Amino acid sequence: MKIKFCGAAQTVTGSQHLLEVNGKKILIDCGMFQGKREESFQMNRRFLFEPKEIDCVILSHSHIDHSGNLPTLSLKGYEGSVYCTPATRDLCSIMLQDSAYIQEKDVEFVNKKRAKKGEPPFNPLYRIEDARKIIAQFKSIPYRIPFSPDKTGSNVTVTFFDAGHVLGSSQVVLEIREGNKNFKIGFSGDLGRKNLPILKDPEFMGDVDYLIFESTYGARLHERADKIEEKLTEVILEADRNNSKIIVPSFSIGRTQEIVYEITKLVSRGVIPQIPIYVDSPLTVNATEIFKLHSECFDTETSNLISAGVDVFGMENVKYIKDVQDSMKLNDMRGPCMIISASGMCEAGRILHHLRNNIENPNNIILVVGFMAEHTLGRRIVEAKDIPGTKVKIFGEEHIVRAKVRIINAFSGHADRDEMLEYLSQMDKKRVKKMFLVHGEPEQQVQFKKTLEENGFKNVYIPKRGDVFEL
Ligand SMILES: [Zn+2]
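The rules behind these values
- Residues numbered from 1 in each chain as written.
- Predicted model: local features only at pLDDT ≥ 70, side-chain atom pairs only at ≥ 80, totals over all residues.
- Heavy atoms only, no water.
- Helix = DSSP H or I, 4+ residues; strand = E, 2+ residues; numbered from the N terminus.
- Rg over C-alpha atoms; globule rule 2.2 N^0.38 Å.
- Buried < 20%, exposed > 50% of the residue type's maximum accessible area, 1.4 Å probe, protein only.
- Contact = heavy atoms within 4.5 Å.
- Lys, Arg positive; Asp, Glu negative; His and termini not counted.
- Charge placed at Lys NZ, Arg CZ, Asp CG, Glu CD.
- Donors = N, O, S within 2.8 Å, 3.2 Å for Na, K, Ca; no water.
- Tetrahedral: all angles 85-135°; square planar, octahedral: opposite > 155°, others 65-115°.
- Salt bridge = Lys/Arg side-chain N within 4 Å of Asp/Glu carboxyl O.
- Core = buried A, V, L, I, M, F, W, Y, C linked by side-chain atoms within 4.5 Å.
- Pairing = 2+ DSSP bridges.
- Axes fitted to C-alpha atoms, helices over the stretch in contact; angles between N-to-C directions.
- Parallel < 35°, antiparallel > 145°, perpendicular 65-115°, else oblique.
- Patch = residues over 30% accessible without salt bridge, like charges linked within 9 Å, V, L, I, M, F, W, Y side chains within 5 Å.
- Areas by Shrake-Rupley, 256 points an atom, 1.4 Å probe, with all protein chains shown as cover.

Caption draft 1: Structural context of the overall build of the chain. Assigned secondary structure in the chain consists of 14 helices and 21 strands. The C-alpha atoms of the chain give 22 Å as radius of gyration, which agrees with the globular expectation for 471 residues (23 Å, within 12%). Across the 471 residues of the chain, 56% fall into the buried class. In the chain, the share of contacts with a sequence separation of at least 24, taken over all contacts with a separation of at least 6, comes to 75%. Seen as two clouds, the 64 positive and the 64 negative side-chain charges of the chain have centres 4 Å apart.

Caption draft 2: Local environment of the coordination of the zinc ion. Looking at the metal site, the zinc ion is ligated by His 61 (NE2), His 63 (ND1), His 165 (NE2) and Asp 190 (OD), spaced 2.1 to 2.3 Å from it. One can describe the site at the zinc ion as irregular: its four donor atoms subtend angles covering 91 to 168° at the metal. Between consecutive donors of the zinc ion, the numbers of intervening residues give the motif H-x1-H-x101-H-x24-D. In this pair, His 165 is assigned in the loop between strand S7 (156-162) and strand S8 (170-178) and Asp 190 in the loop between strand S9 (181-187) and strand S10 (210-214), connecting sequence segments 25 residues apart.

Caption draft 3: Layout of the pattern of salt bridges. Scanning all chains against the criterion turns up 29 salt bridges. One salt bridge connects Lys 265 with Glu 229, and the closest N-O pair in it is separated by 3.0 Å. Placement of Lys 265 in helix H7 (residues 255-268) and of Glu 229 in helix H6 (residues 228-242) is noted, with a sequence separation of 36 residues between them. Taking the relative accessible area as the measure of exposure, Glu 229 reaches 25% and is therefore partly exposed. When the shortest N-O distance is used, the salt bridge between Asp 467 and Lys 464 registers 3.7 Å.

Caption draft 4: Structural detail: the nonpolar core. Formed by 100 residues in total, the largest nonpolar core has its most connected members in Leu 70, Leu 174, Ile 246 and Met 338. Take this core: its biggest share by element is seven residues, from helix H4 (residues 86-116). Residues within four places of Ile 246 in sequence aside, it is in contact with Val 235, Ile 236, Ala 239, Ile 275, Cys 337, Met 338, Ile 339, Ile 365 and Leu 367. Membership of the second largest hydrophobic core comes to 23 residues, among which are Ile 321, Ile 339, Leu 355 and Ala 403.

Caption draft 5: Main features of the sheet that holds strand S13 (residues 318-321). With parallel pairing, six strands are arranged side by side in an open sheet as S13-S12-S14-S11-S15-S18. With one partner strand each, in any of the chains shown, S13 and strand S18 (404-407) form the two edges of the open sheet. In this sheet, neighbouring strand axes are inclined to one another by 20° on average, regardless of whether the strands run parallel or antiparallel. Here four bridges tie strand S12 (residues 277-280) to S13, and the two strands are oriented parallel to one another. In the strand pairing of S13, Val 279 is matched with Tyr 320. Sheet contacts for helix H11 (residues 351-358): strand S11 (245-249), S12, strand S14 (337-341) and strand S15 (365-368); angle to S11, the most-contacted strand, approximately 145°.

Caption draft 6: Representation of the sheet that holds strand S6 (residues 138-140) within the structure. One open sheet accounts for seven strands, arranged S6-S5-S4-S3-S2-S1-S21; its pairing is mixed. Unpaired on one side and paired on the other, S6 and strand S21 (468-470) mark the two borders of the sheet. Strand-to-strand twist in this sheet, taken as the mean axis angle between neighbours without regard to direction, amounts to 25°. Note: strand S4 (residues 56-58) against strand S5 (residues 82-84), two bridges, orientation parallel. Bridged to Val 57 within S5 is Val 82. Set on the sheet, H4 makes contact with S5 and S6; between it and S6 the angle comes to about 150°.

Caption draft 7: Inspection of the packing of H6 against H7 at higher detail. Where H6 meets H7, the axes come as close as 10 Å, and the angle between the chain directions of the two elements is 80°. Here H6 is positioned roughly perpendicular relative to H7, judged by the angle of their axes. Taking contact as the criterion, the partners of Ile 228, Glu 229, Leu 232, Thr 233 and Ile 236 in H6 are, on H7, Ile 259, Glu 262, Ile 263, Lys 265 and Leu 266.

Caption draft 8: View of a positive patch on the surface. Positive charge collects at one region of the surface, where Lys 112, Lys 113, Lys 116 and Lys 117 lie side by side. As for its position among the elements, Lys 117 is in the loop between H4 and helix H5 (128-135).

Nothing here speaks to function; it is all geometry.
Printed below as a string of structure tokens:
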């Protein structure tokens, strides 16, 4: 039995791990690399395996850094099944098509530049038809129901456990018989946190012999998730006092639904006034419909609110906007109100229009609810927070950041160092023969490895892309 780390190795994107057992090849996740354009262009086209030789794919969750390269796999001849939970399948069905649309648009832009230089056009990484083709290969299995994937015979049994990270997210446990030996391999996927809005807390995958574990925040601590209410209340009361517009850059899947849910809860308890909320993103509108279908992923609090008749994805003050004309009308809207729009790091999408129109007004608030990567407009806005007069470029024009910048860190969907340790304290450390840290920047991983060793874990590895380990 061998494992090859083909992505999310010493980095946080492109999750792909290849397991070879009894001559069968099982691919766990098929994520997209997201980095500088040139580098991603190459990385996403070159797999470290032959796609036609893969026997089955197991997908932990719908985020693009875990699922986004599945259409390329299909394009390169993979015809087998992709196993995941029902909610992951439904989210992927819209997200992969959206991703294909972005790929097509992006290459159009690059090709215009190439045409001017007389260079031949590139093909997009994949097209909408490739996304649709792979979606038809999805097979969904609920949490805690063991199954044997196609082509692997009775020697491999897979079970999904709730990871509490995003709707449908799972930890994957593979039980493997090789000759007369039995092994259990656990993959954390992206591990969520206790007390996140809407979702159930992560469940424990059980004891395993080999563990592949995420390490995004291996050396960092977040605000506790139960701080969300307090922080959100402060910002909304401030906006209500000053008639401010609150502009919220947010990813379509997960974070936006969580914000709407929290606000709805606070309004229904009478803690905050019912200010108008506009969710301006077609993808978010579609994703919210999928959330409504998957009550099996909801925690008790959410289920109780629904039973009590609360529409947790938006009371009458929440308006979902698909149409561009309706989106433009928001420019003339007066505060207090909140506009939630994508993309989450302010790199593209309608959020750019809202920022351009509102960033120079000192009465407005830009509310940051997610991680902003380096070199993004979102990061520059965060950095402008304490430096008056900072300018940022939006659509090629400079704007001074005069709006107030408020930050809530408590929404993070990833367990932090202490939350991961708490999770791992349930595990029989002596049984774990090898532990592999994936999905993290080296600095976080090195420190987390040290912490794990101090906590009794042995043989902790930080694989590079392409590394192969014999199990
Ligand atoms: Zn994720």
